[in-house]
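One letter stands for each residue in the lines below.
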Amino acid sequence: MPLLQELTAGSLEDAARRRAERPLSVVEAAAADRPPAIDALAALAPTDRVKIIAEVKRASPSRGSLADIADPAGLASSYETGGASAISVLTEERRFGGSLADLEAVRDAVTLPVLRKDFVSDPYQVFEARASGADIVLLIVAALEQPRLQSLYELVVSLGMTALVETHSADELERALDIGAGLVGVNARDLSTFELDQELFGSLAGRIPSGVIRVAESAVKSAEDVAHYRQAGADVVLVGEALVTDGDPARTLAAFLSAGK
């Protein structure tokens, strides 16, 4: 089974287990009780400098264990202090070591928009995201047939959240634009093979119309990589491994922001 399918299927199985313990009606009620989601489109709107979504990420399939993050809330707070515009939290359990508890802890600790980064393919997972305090939900075009992508996107929006619609090709980008996505990511990593192509963003950025926020994802190890994406047209850069593997994430984040002016 291709890795993306494996990750999506595993995430769906884990959601089914949680659903057996906490029915959809309960999660819907919890989502309705949450304060309104933060406007992520406003927080990530283009300016004269790059904006950064800083990620809480313990592990990845390509690198294995990255960091023992005992205090995700504390890490997220350091990101906010360092100038991040949003916080991404991996909630996938099997290969990334995340959880919804991480998301809830981060939500309680910061005032920034919080992204649930997972392999979302079912409405239950969207309601879970809102119930846990997410303001943004990742939808991966490659993992979803177009009708399901459309319906999940509409559900995210109906709950007051923003969808970060992730692409990895010109065809996937067209699909993202067809559903009306206002926040579009181009992931340099092919989630089927986990190979990287840092030039992919630049090759697709010109196809993203004005008014749509352009997010560059993956292949960021240094300030020079952030500058590269900014020069290629990125409004926002999502950074994970380079921050969690650094001993001083706030300092590294400040350097990345400076490079993206």
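Small disclaimer: the values here were computed from a predicted structure and weren't measured.

Another point: the overall build of the protein. Helix and strand content of the protein: 12 helices and 10 strands. Here the C-alpha radius of gyration of the protein, 17 Å, is about what a compact globule of 261 residues would show, namely 18 Å. A total of 261 residues make up the protein; the buried ones form 56% of that total. Residue pairs in contact within the protein that sit at least 24 positions apart in sequence constitute 68% of those at least 6 positions apart. Total accessible area on the protein stands at roughly 10,400 Å², and carbon and sulfur atoms take up 50% of it. Looking at charge distribution, the protein has the averaged site of its 25 positive side-chain charges lying 2 Å from that of its 39 negative ones.

Strand order in the closed barrel made by the eight strands is β1-β4-β5-β6-β7-β8-β9-β10, with parallel pairing throughout. The sheet shows a mean angle of 25° between the axes of neighbouring strands, taken without regard to direction.

The next subject is the side chain of R230. Locating R230 in the fold gives a position in helix α10 (residues 223-231). For the buried R230, no salt bridge exists, and the shortest N-O distance to an oppositely charged side chain is 4.4 Å, to D235. Setting aside residues no more than four positions away along its own chain, R230 makes contact with T47, D48, R49, V50, D235 and G260.

If you check which residues of helix α4 (residues 72-82) are buried, you get P72, A73, L75, A76, S78, Y79 and G82. Of the surrounding elements, those touching the buried residues of α4 are β1 (51-56), β4 (86-90), α5 (100-109), α11 (241-244) and α12 (249-259). Of the residues one or two after α4, G83 is the one with positive phi, at around 110°.

It is worth spelling out the packing of aromatic side chains at this point. Scanning the model with the defined rule gives two aromatic pairs in all. Taken together, a centroid distance of 5.8 Å and an interplanar angle of 80° make the contact between F201 and Y229 edge-to-face. Here F201, found in helix α9 (residues 200-205), pairs with Y229, found in helix α10; they are 28 residues apart in sequence, far enough to count as distant. The residues F201 and Y229 share a single accessibility class, namely buried.

We now examine the packing of helix α1 (residues 3-21) against helix α6 (residues 123-131). Running from N to C, α1 and α6 point in directions that differ by 70°, and their axes come no closer than 10 Å. Compared by their axis directions, α1 and α6 come out roughly perpendicular. In terms of crossing hand, the pair formed by α1 and α6 is left-handed. Here α1 contributes S11, L12, A15, R18 and R19 to the contact with α6, which in turn contributes Y124, Q125 and E128. Class assignment for the residues of the contact of α1 with α6 results in three nonpolar, two polar and three charged.

Definitions and cut-offs
Residues numbered from 1 in each chain as written. Predicted model: local features only at pLDDT ≥ 70, side-chain atom pairs only at ≥ 80, totals over all residues. Heavy atoms only, no water. Helix = DSSP H or I, 4+ residues; strand = E, 2+ residues; numbered from the N terminus. Rg over C-alpha atoms; globule rule 2.2 N^0.38 Å. Buried < 20%, exposed > 50% of the residue type's maximum accessible area, 1.4 Å probe, protein only. Contact = heavy atoms within 4.5 Å. Areas by Shrake-Rupley, 256 points an atom, 1.4 Å probe, with all protein chains shown as cover. Lys, Arg positive; Asp, Glu negative; His and termini not counted. Charge placed at Lys NZ, Arg CZ, Asp CG, Glu CD. Pairing = 2+ DSSP bridges. Axes fitted to C-alpha atoms, helices over the stretch in contact; angles between N-to-C directions. Salt bridge = Lys/Arg side-chain N within 4 Å of Asp/Glu carboxyl O. Phe/Tyr/Trp six-rings, centres within 6.5 Å; stacked < 30°, edge-to-face > 60°. Parallel < 35°, antiparallel > 145°, perpendicular 65-115°, else oblique. Left-handed = near helix turned anticlockwise from the far one by under 90°. Nonpolar A, V, L, I, M, F, W, Y, C, P; charged D, E, K, R; others polar.

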